Amino acid sequence: MKRIILIGYMGAGKTTVGKQLADSLGLKFYDLDWYIETRMHKKVSDIFAERGEDGFRTIERNMLHEVAEFEDVVISCGGGTPCFFDNMDYLNQQGDVIYLKARPDVLYKHLLMGKTERPLIIGKTKEQLLEFINEQLAKREPYYTKAKYSLDVSLMDNYEKIKISVQKAKELLGIE
Ligand code: S3P
């Protein structure tokens, strides 16, 4: 039984790498935000708006405990998932966790390009966004670095490089 879990900051490429990693290993892919939206029949941004961040984190933890029981899956978490409750210890107990690590300037570039609404960064100016990423990443790194594996994906901005990241993830996990 395989359960591979990807964590990392918003814009690191968890979903992109996760999908391809799952495909290449013949595993099912689950994105935690997608799972929450499907189970709750509501967008993450609406859950934040209606219940605040605390309400979202409670739902996120409950949904995590469903998804992280599935077998033969690759799961990509939300950027904040490892940083609340005992989620990080739980993740390490449930599977092989890989931290997709990217530099703040790379995350910034990806988040500027991303079209999805991310409630934590909506309405920020470019300057505020960069500052926010720097500050929040510093707070979150102690959680992220508890992952068993860490993979630098700072170079991951085109198809070839994504393929290389997927290959590196497999090498870390010792699977071909
Ligand atoms: C969040 C990241 C988002 C989503 C929510 C909160 C965070 O997921 O769970 O908006 O706290 O970093 P992605 O990392 O997939 O954008």
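Check the entry above for the structure.
Residues numbered from 1 in each chain as written. Predicted model: local features only at pLDDT ≥ 70, side-chain atom pairs only at ≥ 80, totals over all residues. Heavy atoms only, no water.

A. Structural detail: the site of the ligand. Taken together, 13 residues lie near the ligand, and Lys-14, Asp-33, Arg-57, Arg-118 and Arg-140 sit nearest. Gly-79 places a polar main-chain atom, nitrogen or oxygen, 2.8 Å from an oxygen atom of the ligand. Between an oxygen atom of the ligand and a side-chain N or O atom of Arg-140, the distance comes to 2.7 Å. Contact with the protein chains hides 94% of the accessible area of the ligand, taken as 390 Å² for the molecule alone. When grouped by side-chain class, the residues that make up the shell around the ligand number 5 nonpolar, 3 polar and 5 charged. (Near = heavy atom within 4 Å. Polar contact = N/O pair within 3.5 Å; in protein donor to acceptor, adjacent residues only side chain to side chain. Areas by Shrake-Rupley, 256 points an atom, 1.4 Å probe, with all protein chains shown as cover. Nonpolar A, V, L, I, M, F, W, Y, C, P; charged D, E, K, R; others polar.)

B. Molecular detail of the nonpolar core. Counting residues in hydrophobic clusters, the biggest one holds 57 residues, and the most contacted among them are Ile-4, Ile-7, Tyr-9, Leu-91, Ile-98 and Leu-100. Looking at which element gives the most residues to this core, the answer is helix 3 (residues 44-67), with 8 residues. Every residue in contact with Ile-4, bar those within four places of it in the chain, is listed here: Leu-21, Leu-25, Leu-27, Val-73, Val-74, Ile-75, Asp-96, Ile-98, Leu-173 and Ile-175. (Core = buried A, V, L, I, M, F, W, Y, C linked by side-chain atoms within 4.5 Å. Buried < 20%, exposed > 50% of the residue type's maximum accessible area, 1.4 Å probe, protein only. Helix = DSSP H or I, 4+ residues; strand = E, 2+ residues; numbered from the N terminus. Contact = heavy atoms within 4.5 Å.)

C. Seen up close, the sheet that holds strand 5 (residues 149-152). Spatially, the 5 strands line up as an open sheet ordered 2-3-1-4-5, and their pairing is parallel. Two strands lie at the open edges of the sheet, namely strand 2 (28-31) and strand 5, each paired on one side alone. Across the sheet, the mean angle from the axis of one strand to that of its neighbour is 20°, orientation sign disregarded. Bridge count between strand 1 (residues 3-7) and strand 4 (residues 96-101): 4 bridges; the pairing is parallel. Its bridge partner lying in strand 4, Leu-6 is registered against Ile-98. Strands strand 2 and strand 3 (73-76) of the sheet are contacted by helix 2 (residues 32-40), whose axis makes an angle of about 75° with strand 2. (Pairing = 2+ DSSP bridges. Axes fitted to C-alpha atoms, helices over the stretch in contact; angles between N-to-C directions.)

D. Structural detail: the layout of surface pockets. The volume enclosed by the second largest pocket comes to roughly 160 Å³. Around the second largest pocket sit 13 residues that line it, and Leu-111, Ile-121, Ile-122, Gly-123 and Leu-129 are the ones nearest its centre. Looking at the lining of the second largest pocket, the elements that each hand over two or more residues are helix 5 (104-113) and helix 6 (126-144). Here the lining of the second largest pocket is composed, by residue class, of 5 nonpolar, 4 polar and 4 charged. (1 Å grid on protein atoms, 1.4 Å probe; cavity = no way out; pocket = protein on both sides within 12 Å on 5 of 7 lines; lining within 4 Å. Points joined across faces, edges and corners; volume = space filled by probe spheres on them.)

E. Main features of the pairing of strand 3. Alternating residues of strand 3 divide into Val-73 and Ile-75 and Val-74 and Ser-76, and every residue in both groups is buried. Here strand 1 runs beside strand 3; their pairing, made up of 4 bridges, is parallel. Note on strand 3: the bridge partner recorded for Leu-6 is Ser-76. Relative to strand 3, strand 2 runs parallel, the two sharing 4 bridges. Paired with Lys-28 across the two strands is Val-73, which belongs to strand 3.

F. Up close: the pattern of salt bridges. Scanning the entire structure with this criterion turns up 9 salt bridges. Between Arg-57 and Glu-53 there is a salt bridge; the shortest N-O distance is 2.9 Å. Of this pair, Arg-57 and Glu-53 both sit in helix 3, 4 residues apart, which is roughly one turn of the helix. One salt bridge in this structure joins Asp-105 and Arg-103, with 2.9 Å as the shortest N-O distance. (Salt bridge = Lys/Arg side-chain N within 4 Å of Asp/Glu carboxyl O.)

G. Looking closely at helix 2. Taken residue by residue, helix 2 has Leu-32, Tyr-35 and Ile-36 as its buried positions. For helix 2, the buried positions fall inside an angular range of 100° around the axis, keeping them on one side. (Arc of directions from axis to C-beta.)

H. Representation of the environment of Lys-139. By the secondary structure assignment, Lys-139 is in helix 6. The spacing of Lys-139 and Ser-154 is 15 residues in sequence and 19 Å in space, taken between C-alpha atoms.

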